[in-house]
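Spelled out, the chains give:
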Amino acid sequence: MSMTMSQKILAHKANLESVKAGDLIMAKLDMVLGNDITTPVAINAFKQAKFTEVFDKDKISLVMDHFAPNKDIKAATQSQQCRCFAKDFDISHYYDVGNMGVEHALLPEQGIVTIGDLIIGADSHTCTYGALGAFSTGVGSTDMAVGMATGEAWFKVPQAMRFNLKGKLRPYISGKDVILHIIGKIGVDGALYKSMEFGGEGLKNLTIDDRLCIANMAIEAGAKNGIFEVDEITIEYAKARTSKQFQIYAPDPDAYYEQVFDIDLSQIDHTVAFPHLPENTKPREEWGEIKIDQVVIGSCTNGRLSDMAIAAKILKDKKIAKNTRCIVIPATQNIYLECINRGYLETFIKAGCVVSTPTCGPCLGGHMGILAANEKCVSTTNRNFVGRMGHVTSEVYLASPEVAAASAITGILSTPEAVI
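Residues numbered from 1 in each chain as written. Predicted model: local features only at pLDDT ≥ 70, side-chain atom pairs only at ≥ 80, totals over all residues. Heavy atoms only, no water.

Colleague: Kindly report on the environment of V354, identifying the contributing residues and their values.
Modeller: Along the chain, V354 falls in strand β16 (residues 354-355). For the pair V354 and M368, spaced 14 residues apart in sequence, the C-alpha to C-alpha distance is 10.0 Å. If we skip the residues at most four places from it in the chain, V354 touches C326, I327 and V328. (Helix = DSSP H or I, 4+ residues; strand = E, 2+ residues; numbered from the N terminus. Contact = heavy atoms within 4.5 Å.)

Colleague: Tell me what's going on with the pattern of salt bridges, and back it up with residues and numbers.
Modeller: Under the defined criterion, the tally for this structure stands at 21 salt bridges. The salt bridge partner of D231 is R211, with a shortest N-O separation of 2.9 Å. You can see D231 sitting in the loop between β10 (225-228) and α8 (232-239) and its partner R211 sitting in helix α7 (residues 208-216), a full 20 residues away along the chain. We note a salt bridge from K376 to E395, for which the minimum N-O separation is 3.9 Å. Here K376, found in strand β17 (residues 376-379), pairs with E395, found in strand β18 (residues 395-398); they are 19 residues apart in sequence, far enough to count as distant. Relative accessible area serves as the criterion here: at 23%, K376 is assigned to the partly exposed category. Sharing partners across several salt bridges, the network here consists of R170, D269, R284 and E417. (Salt bridge = Lys/Arg side-chain N within 4 Å of Asp/Glu carboxyl O. Buried < 20%, exposed > 50% of the residue type's maximum accessible area, 1.4 Å probe, protein only.)

Colleague: An account of the sheet that holds strand β6 (residues 135-138) is requested, with residue identities and associated values reported.
Modeller: Spatially, β4-β3-β2-β5-β6 is the arrangement adopted by the five strands of the open sheet, whose pairing is parallel. Only two strands of the sheet have a single partner each, and these edge strands are β4 (93-95) and β6. Between one strand axis and the next, the sheet turns by 10° as a mean value, whatever way the strands run. The sheet contact formed by strand β2 (residues 31-35) and strand β5 (residues 118-121) spans three bridges and is parallel. Across the sheet, residue L33 finds its bridge partner in β5, namely G121. (Pairing = 2+ DSSP bridges. Axes fitted to C-alpha atoms, helices over the stretch in contact; angles between N-to-C directions.)

Colleague: Tell me about the sheet that holds β10, residues and numbers included.
Modeller: Sheet architecture is open: four strands sit in the order β10-β9-β8-β11, paired in parallel fashion. Each edge of the open sheet is held by one strand with a lone partner, namely β10 and β11 (259-264). Averaged over all pairs of adjacent strands, the angle between their axes in this sheet comes to 20°, without regard to strand direction. Relative to β11, strand β8 (residues 159-166) runs parallel, the two sharing six bridges. Across the sheet, the residue bridging to L165 is I263, located in β11. The strands touched by helix α6 (residues 175-186) within the sheet are β8, β9 (194-199) and β11, with β9 carrying the most contacts at an inclination of about 135°.

Colleague: Outline unusual backbone geometry, supporting the account with residue identities and numerical values.
Modeller: Following A68, the chain continues into P69 via a peptide bond in cis, with omega recorded as -10°. With respect to the element layout, P69 can be found in the loop between β3 (60-63) and α3 (73-88). In this structure, H276 follows P275 across a cis peptide bond, with omega equal to 5°. Mapped onto the secondary structure, H276 falls in the loop between β12 (271-273) and β13 (281-283).

Colleague: Which residues make up the packing of aromatic side chains, and what values do they have?
Modeller: Counted by the stated rule, this structure contains nine aromatic pairs. Between F46 and F51, the aromatic rings sit 5.5 Å apart at their centres with planes inclined by 55°, giving tilted as the arrangement. Residue class for F51 comes out partly exposed when judged on its relative accessible area of 27%. Where F85 meets F89, the ring centres are 4.7 Å apart and the plane angle is 45°; that geometry is what we call tilted. On the accessibility criterion, F85 (4% relative accessible area) is buried. Classification of F89 as partly exposed rests on a relative accessible area of 22%. A connected cluster of aromatic rings, assembled from ring pairs, spans F46, F51, F85 and F89. The ring of F67 has K71 lying over it, and the distance from NZ or CZ to the ring centre is 4.9 Å. Over the aromatic face of Y237 sits the side chain of R241, whose NZ or CZ is 3.7 Å from the ring centroid. (Phe/Tyr/Trp six-rings, centres within 6.5 Å; stacked < 30°, edge-to-face > 60°. Lys NZ or Arg CZ within 6 Å of the ring centre and 35° of its normal.)

Colleague: How would you summarise the UniProt feature "binding site: [4Fe-4S] cluster" (unreviewed entry) in the protein chain if you had to cite specific residues and measurements?
Modeller: With numbering aligned to this structure, UniProt lists the feature "binding site: [4Fe-4S] cluster" (unreviewed entry) at C300, C360 and C363. A maximum C-alpha distance of 9.2 Å among these annotated residues, which run over 64 residues, shows that they cluster at one spot. Following the sequence through the fold, C300 ends up in helix α9 (residues 299-302). According to the relative accessible area criterion, C300 is buried, its value standing at 8%. Other than its neighbours up to four places away in sequence, C300 contacts V102, H104, H125, N216 and N382. With respect to the helices and strands, the residue C360 is situated in the loop between β16 and β17. (UniProt positions renumbered as here; feature names shortened; annotations may be inferred.)

Colleague: How would you sum up the nonpolar core? Please name residues and give values.
Modeller: Soluble, globular proteins show a tendency: their nonpolar side chains are buried together. The biggest cluster of nonpolar side chains holds 93 residues, and the ones touching the most others in it are L62, L107, F155, F163, I182, I186 and M196. With six residues, α6 is the largest single contributor of residues to this core. A domain split of this core shows at least three residues from each of domain 1 (5-265) and domain 2 (272-418). Residues contacting F155, with those up to four places away along its chain left out, are L10, D23, L24, I25, A27, L29, L118, I120, F135 and T137. A105, I297, I320 and C326 belong to the second-largest nonpolar core, a separate cluster that totals 41 residues. (Core = buried A, V, L, I, M, F, W, Y, C linked by side-chain atoms within 4.5 Å. Domains from an automatic or database assignment.)

Rendered as structure tokens:
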């Protein structure tokens, strides 16, 4: 029976010869992930179910990133509960202030997740790891609790959509523009409980960071997961970060896809999602003049080193516009350190930016950049729902690091070509 990439991974992890869309299966997990917001709920469920041990201390990752460094007593208490659980069960992959990072940037960087893995996480953007040819998806905290105890989770095998990529992105266009273009095309429910599978000859022109960004936002189209075919770029990335053996799953040539889209990367323009949905996308000729109050460059979507590099290039010897704030958040400690080594932090600070320790902070309206009434923010994050980053009358414009950095300089929604 022919299968897609996702179906092959699920079949193998469920010890089945084949699966088809709609099947309900139990599958063995390679990694269970939680953060400082979702893990306490999972710990409570773990205790209520009277579990007394975890299935594998090396296959659980707990990352304190949402409200860390802790913003208040409640946040501190949540982190403390996670810290005690990690100590009690000797969890290998526990990351706290000083060695943590934004979870979906940290795990690939550290080689904790890799090609062919099956991963669940109590965070909707767990779908990020599909960039590495893994099946990864967000779950509720109860599923996380059961996963930590048993090493298994149930899945309904999703239908699949195919995205054939061709061509090459133009300068200053990146993976964020690609995924915003796609979400604008199919809508926030266009891939509801489906697998978004990416391949084609254009794949060789997308970096791993581009792919991580695209897979990260698969959930914004309603997808169960996003996944990329594995190529030499993927293998080189994985081998540089882990010595674990991995298995590559390629789609069968006659695999069934409910829909097939051809995406010419060379035709994609600067794309921004206007409030209040990721599907409300507009190419640059439709932006008009949008005055902004704040810019955020960071998050699990665009806080990687390449994002810092392009932002620093655009901001070099420039100044943030008067009455505009710019917050830069490297996504991991390693990225932060490399930004120091390369002089990016000096560039950011001289330009008038504030640079934060790794945190999800403003993305979810947690801390480090909350918006007041009627304020407008250009952000490299992944969601722009009503009140997502603060007051219910504030507005979030989702954009690439290139557009975000340029907008910080001009004080209005701008393309990098306008300031270079």
